[in-house]
Amino acid sequence: MRIGLFGGSFNPPHEAHRLAALAALKKLGLDAVWWLVSPGNPLKSGRGLAPLDERIAAAKRLARHPRIAVTGIEAALGTRYTSDTIAALKARCRGVRFVWIMGADNLAQFHLWQNWRGIAAMLPLAVIDRPGASLRASAGVAAQTLARHRLTESDGLLLADARPPAWIFLHGLKSPLSSTALRAKMQLHSN
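Just so it is clear, the model here is predicted, and its values are computed rather than measured.

A. Here's a closer look at unusual backbone geometry. Going from asparagine 11 to proline 12, the amide bond is cis rather than trans, its omega being 0 degrees. Of note, proline 12 is situated in the loop between strand S1 (2–8) and helix H1 (15–28). The peptide bond linking proline 164 to proline 165 adopts the cis configuration, its omega dihedral lying at 0 degrees. If you trace the backbone, proline 165 turns up in the loop between helix H8 (141–145) and strand S6 (167–170). Unusually for a residue other than glycine, arginine 64 sits at a positive phi of about 40 degrees. One can find arginine 64 in the loop between helix H2 (52–63) and strand S3 (68–71). Positive phi values are uncommon outside glycine, yet asparagine 115 reaches one of about 55 degrees.

B. Quick peek at the pattern of salt bridges. Enumeration according to the criterion identifies four salt bridges in this entry. For aspartate 161, the salt bridge identified is with arginine 2, shortest N-O distance 2.8 Å. Placement of the pair is aspartate 161 in the loop between H8 and S6 and arginine 2 in strand S1, with a sequence separation of 159 residues. The shortest N-O distance in the salt bridge between arginine 97 and aspartate 161 comes to 2.4 Å.

Calculation rules
- Residues numbered from 1 in each chain as written.
- Predicted model: local features only at pLDDT ≥ 70, side-chain atom pairs only at ≥ 80, totals over all residues.
- Heavy atoms only, no water.
- Helix = DSSP H or I, 4+ residues; strand = E, 2+ residues; numbered from the N terminus.
- Salt bridge = Lys/Arg side-chain N within 4 Å of Asp/Glu carboxyl O.

As structure tokens, then:
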């Protein structure tokens, strides 16, 4: 099995999440993508964070695809950091080839994540292009540190089998949707 792990708060989930998952399924030859709806991002304030069960339910309504599974596994595992979640999943799912999927905006600040180098050493990374984040992400600490391990986009089908560290930047999905912008818009309408 080749499974993409797409983590985030999904607060709220939106069509760009779905488009990113569908692109990863196709371009990386994955069997499935698991959305890991996080109890909360350690790098962000919990203010304005909808309850986990509501975000999971909304993500399930949005996913609408037999190969996208929405889960709150981090809460069930009791993990707070991505590196711990990945380690737990790899221990429980031996033989599964996992790929971490993130937006380019996350690559730009990936070096701030707990044990980010350990994450890159545990599994290959797929970075999905985001509007306004491409240059910042490519110039960031993590991208520069991992530059020699970057595969070309045409090697997408090889990523899940690549020995980490290995990563790829997937272009073409520049949806302007963002959870931050959607929350701001909802806040505006509620006032």
